[in-house]
Amino acid sequence: MPLAPPPFLSLRLALREMRAGLRGFLVFIACIALGVMAIAGVGSLARSLSEGLAHEGRSILGGDLAFSLIQREATAHERAFMRSRGALSAVATMRAMVRTSDARSALVELKAVDDAYPLYGQVSLQPAGDLHRALAAGGNVFGAVADPALLERLNLAVGAHVALGAATLEIRASLRDEPDRLAGGIGFGPRLIVSDAALRASGLVQPGSLVRWLYRLRLPANAADDGAIESLTKEANAKFPQAGWDIRSRKNASPQLERNIERFSQFLTLVGLTALLVGGVGVANAVKSYLERRRESIATMKALGATGGRIFAIYLTQVLMLAGIGTAIGLAAGIALPFLVTALFGAVIPLPIAPTIHPAELALAAVYGIATSLAFALWPLGRAHDVPVSALYREVVATDIGAPRLRYVGATAVVILALSGIAVLLAYDQRIALIFIGSAALTFVALRAIAALLMALARRLPRPRSTALRLAVTNIHRPGALTPTVVLSLGLGLTLLVTVTLVDGNLRRQFEAALPERAPAFYFLDIPQADTGRFDAFIANAAPGAQLERVPMLRGRIVSVKGVPAEKLSPSAQTAWALHGDRGITTAAQVPDGSRIVAGAWWPADYDGPPKVSMEKRIAEGLGLAVGDTIVVNVLGRNIAAEVANLRTVDWQSLGINFVLVYSPNAFRGAPQTSIATLTYRDGGDAARETELVRSLATAFPSVTAIRVKEALDTFGALVANLVMAVRGASLICILAAILVLGGALAASHRHRVYDAVILKTLGATRGRLLAAYALEYLALGGATAVFGVVAGSLAAWFVVAEVMNLPFVWLPLPALAAALSALAITVGFGLAGTFSALRQKPAAILRNL
């Protein structure tokens with residue numbers, strides 16, 4: 001009766017096998033550590049940001065609950081309802097122009113506050129002082145506090161006077177910090193805070209002006225829990241069904257910021273997964289190379305009665321131990337990342353980061369690391385199960401013995417499916433996650449196919465007369481050739497490098513070159529309805545020959561689509577933004593410039609029937625709308641239902657005036673509204689003319705806001721540049737993993753290279769001829785992989801730019817080719833570096849052991 005194996009035999013033998021140390025597994029450990037670090041660090045940082053936002057939710061929001069209205073103030077009944085529930089503070093925000101006594105002007109993000117502001121947090125001033133004392137009126141002059149950037153832009157000091165509309169302001173302090181700054185989103189100009197009385201005196205608040213009114217509530221302590229806040233929100237919507245307000249609680253103080261954090265963290269998580277996938281190739285290479293080096297030990301254990309299953313269990317245990325080491329290193333680095341970011345950049349990052357250890361994010365990163373190791377190690381480990389003892393003893397050059405047993409193939413498939421399922425289920429945008437997984441699988445298959453094709457082609461090529469070329473061709477297809485490994489590791493890294501390079505190049509092209517040439521010079525906001533004729537005449541006189549486009553504009557919030565309330569809709573990820581807050585809307589008798597009807601028909605110029613609306617095609621499809629459906633939009637406190645008459649495609653990149661929602665001319669007849677206009681110089685304009693126009697406009701129309709398109713683009717360009725820098729930094733992890741895998745693969749083949757070099761040198765080959773052969777081999781592999789990397793990376797960049805960012809994509813040959821050449825240089829450099837070492841080996845020592 002056979003004796004039962006002692007307990008933990010596989011673990012004991014695995015530990016004994018590892019007494020020689022981790023030689024050969026450093027790339028394995030480094031690749032897993034890099035990927036786990038990226039995922040754990042990104043997850044921990046995102047959670048730290050989210051918790052920071054939640055912890056500071058009251059201060060960021062400015063209250064426990066905030067009611068936001070656009071273009072209208074709350075009615076007396078609405079204010080009475082809010083006051084009955086807690087302490088109320090009203091704040092108005094808008095964009096406006098301030099003027100100095102010598103007619104210089106600047107765009108500001110204006111905030112007018114009442115005596116109760118702020119309900120939570122504190123406003124910090126320089127010099128230190130009380131906000132309301134700084135804002136108090138002194139005779140006909142009102143106080144103001146300004147962002148230091150405004151003082152610098154206008155070359156002013158504290159104590160200077162500026163004009164805001166019809167009001168005169170004295171800047172009494174510079175603004176160091178405001179507690180609710182993050183709730184306002186991105187601003188085009190520096191902040192200027194004034195009192196509510198100063199705003200009223202300025203004359204900027206006109207019927208239809210683009211003023212956002214924020215009513216913040218501080219609830220009593222016994223009614224400030226989450227349940228009470230949710231109950232109050234429902235009560236407010238039920239009591240005032242047509243108010244059209246956007247209600248936020250302290251739990252979602254800055255939903256747009258939170259969505260952006262989630263989106264960006266998903267992207268960085270996918271980058272971390274890419275690093276793990278690239279590193280997985282290194283795992284497979286390391287396991288395969290290690291099993292080759294341990295063939296004598298495996299043969300001995302099999303000769304003594306060890307089964308193939310036992311061999312698999314021993315070396316699987318080792319792989320899991322090594323994966324655990326790499327995962328632990330990655331987790332430690334991921335834990336440190338939020339603390340490191342806070343320590344180094346906390347003072348300059350305008351976000352409340354609350355660094356701490358997040359077990360859930362770390363557990364997920366650990367699962368990714370271990371699962372990736374298993375997914376790439378099971379196949380070579382499974383092959384070791386069926387290698388006979390005789391083959392192990394006789395084998396000198398590694399050979400592929402075909403696929404492993406079905407159970408190992410099935411286990412590999414299960415792990416890969418589980419890894420993919422986790423990535424999709426936990427993704428913010430599951431569509432992007434599915435595309436990523438599909439693209440990764442397709443890339444792996446394509447690279448394996450390219451490797452197989454290269455080997456088959458090399459095998460069938462006519463025998464070259466050149467010895468170096470003949471050796472190079474043979475090395476590509478011989479048993480144990482580096483072709484699959486080099487093509488896979490280099491192809492993944494190069495594809496990512498080309499993708500990032502082309503996305504970066506296209507974004508820079510959009511914001512630094514293409515858009516400014518096509519864009520208008522100015523946007524003009526809040527043109528009073530009664531002054532449109534005088535405004536047109538002013539522009540015609542001040543900018544002769546320039547093109548002025550002016551349309552009426554209101555703001556509205558989508559309430560329901562086809563009878564379904566907006567909060568119950570499930571829009572596509574690309575169109576969900578249309579339901580968040582209010583949207584600009586207009587009326588038009590004709591199809592706007594830059595639009596093209598693709599479904600339905602435009603209404604007649606003299607149409608006077610029930611309201612109709614024209615919608616941008618992608619938004620309509622994302623919301624499930626078609627021609628003939630009904631959409632309800634709340635405008636100025638009234639729900640307006642309209643039939644979708646047609647769908648349009650819009651050239652947003654022209655930066656001309658265009659809207660997602662364009663209504664028939666009669667839809668808002670009698671409603672107070674202002675106009676928005678663009679001004680485009682036919683000859684391109686110049687800075688002096690533009691500056692003079694702004695000065696004269698500020699005097700003639702103090703309530704009109706002029707936004708320089710170039711300055712707005714610079715603001716967005718700076719934001720995009722920061723995002724691109726972050727993407728580059730994250731992508732470097734993947735590229736580093738690819739380089740590690742490539743270097744590890746070449747190092748793993750060093751023993752075979754030494755053997756080949758010794759035999760060939762013994763037979764008369766010169767060092768120069770061998771170097772030439774290896775250089776040609778690496779050039780051929782690197783060149784073929786570079787072509788794939790450029791093509792695949794270009795397609796990936798096109799998808800990101802055109803489909804995700806909705807920007808025109810232009811293929812940039814120089815950056816793409818530069819990336820390909822750099823990858824080719826790395827391949828040849830790494831390959832020849834290992835070859836020099838192999839060529840220095842003395843033949844006698846090697847031949848003695850054959």
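My aim in this report is to walk through the structure given alongside it, one point at a time. (Residues numbered from 1 in each chain as written. Predicted model: local features only at pLDDT ≥ 70, side-chain atom pairs only at ≥ 80, totals over all residues. Heavy atoms only, no water.)

1. Quick notes on helix α8 (residues 226-239)
Given 3.6 residues per helical turn, the α-helix brings residues three or four places apart onto the same face. A rise of 1.5 Å per residue sets the reference length of α8, with its 14 residues, at 20 Å; its end C-alpha atoms lie 20 Å apart and thus fit the reference within 8%. Within α8, the full set of buried residues consists of Ile 229, Leu 232, Thr 233 and Ala 236. Projection of α8 onto a plane perpendicular to its axis shows the buried side chains occupying an angular sector of 105°, all on one side. Along α8, exposed side chains directed more than 90 degrees from the buried face belong to Lys 234 and Ala 238. Elements that come into contact with the buried residues of α8 comprise β1 (65-70), α4 (76-83), β9 (212-218) and β10 (246-249). (Helix = DSSP H or I, 4+ residues; strand = E, 2+ residues; numbered from the N terminus. Expected span 1.5 Å × (residues − 1). Buried < 20%, exposed > 50% of the residue type's maximum accessible area, 1.4 Å probe, protein only. Arc of directions from axis to C-beta. Contact = heavy atoms within 4.5 Å.)

2. A closer look at the side chain of Thr 327
Note on placement: Thr 327 falls in helix α11 (residues 308-345). Given the relative accessible area of 4%, Thr 327 is considered buried. Here Ala 323 takes part through its backbone oxygen, which lies 2.7 Å from a polar atom of the side chain of Thr 327. When sequence neighbours within four positions are dropped, the list of residues in contact with Thr 327 reads Ile 32, Val 36, Ala 366, Gly 369 and Ile 370. (Polar contact = N/O pair within 3.5 Å; in protein donor to acceptor, adjacent residues only side chain to side chain.)

3. Examining unusual backbone geometry
Cis geometry marks the peptide bond from Tyr 117 to Pro 118, where omega comes out at -5°. Note on placement: Pro 118 falls in the loop between β3 (105-113) and β4 (124-126). Following Gln 126, the chain continues into Pro 127 via a peptide bond in cis, with omega recorded as 0°. Looking at where Pro 127 falls in the secondary structure, it is placed in the loop between β4 and α5 (131-135). If you check the backbone angles, Asp 526 has positive phi at about 60° while not being a glycine. Secondary-structure assignment places Asp 526 in strand β11 (residues 522-528). In this structure, Leu 636 takes a positive phi of about 55° despite not being glycine. Here Leu 636 lies in the loop between β17 (630-635) and β18 (638-650).

4. Examining the environment of Thr 678
Tracing the chain through its elements places Thr 678 in strand β20 (residues 674-680). For the pair Thr 678 and Phe 524, spaced 154 residues apart in sequence, the C-alpha separation works out to 6.2 Å. When near neighbours in sequence (up to four residues on either side) are disregarded, Thr 678 contacts Pro 520, Phe 522, Tyr 523, Gln 547, Leu 548, Glu 549 and Ile 657.

5. As for the side chain of Asn 666
Position of Asn 666 among the secondary structure elements: in the loop between β19 (661-663) and β20. Within the structure, the side chain of Asn 666 is placed 2.4 Å from the backbone oxygen of Gly 609, a separation counted as a polar contact. Excluding its chain neighbours within four sequence positions, the residues that come into contact with Asn 666 are Tyr 607, Asp 608 and Gly 609.

6. Description of the nonpolar core
Formed by 78 residues in total, the largest nonpolar core has its most connected members in Phe 28, Val 287, Tyr 315, Phe 376 and Leu 381. If near-sequence neighbours (up to four positions away) are discounted, Phe 376 is found in contact with Leu 277, Gly 280, Val 281, Val 283, Ala 284 and Phe 444. The next biggest cluster of nonpolar side chains, apart from the first, holds 46 residues, and it includes Phe 67, Ala 198, Leu 199 and Ile 229. (Core = buried A, V, L, I, M, F, W, Y, C linked by side-chain atoms within 4.5 Å.)

7. Thoughts on a nonpolar patch on the surface
There is a patch of nonpolar side chains on the surface, built from Leu 469, Leu 776 and Leu 779 and spanning about 230 Å² of accessible area. As for its position among the elements, Leu 779 is in helix α23 (residues 767-804). (Patch = residues over 30% accessible without salt bridge, like charges linked within 9 Å, V, L, I, M, F, W, Y side chains within 5 Å. Areas by Shrake-Rupley, 256 points an atom, 1.4 Å probe, with all protein chains shown as cover. Salt bridge = Lys/Arg side-chain N within 4 Å of Asp/Glu carboxyl O.)

8. Focus: the environment of Arg 638
Tracing the backbone shows Arg 638 in strand β18. You can call Arg 638 exposed: its relative accessible area is 55%. Separated by 82 residues in sequence, Arg 638 and Gly 556 have C-alpha atoms that sit 9.5 Å apart. Not counting the four nearest positions on each side in its chain, Arg 638 is found in contact with Gln 242 and Val 633.

9. Here we look at the pairing of strand β2 (residues 87-99)
Across a regular strand the side chains alternate sides, sitting on one face of the sheet and then on the other. Counting buried positions along β2 gives 11 out of 13 residues, so the element sits mostly inside the fold. Strand direction decides the pairing type here: β2 and β9, joined by seven bridges, are antiparallel. Paired with Thr 93 across the bridge in β9 is Arg 212. Examined bridge by bridge, β2 and β3 share nine bridges and lie antiparallel to one another. Bridging from a neighbouring strand, Met 97 pairs with Leu 107 of β3. In terms of strand pairing, β2 meets strand β6 (residues 161-164) through two bridges, oriented antiparallel. For Val 98, the partnering residue across the bridge sits in β6 and is Leu 164. (Pairing = 2+ DSSP bridges.)

These results come straight from atomic positions and should not be treated as a statement about function.
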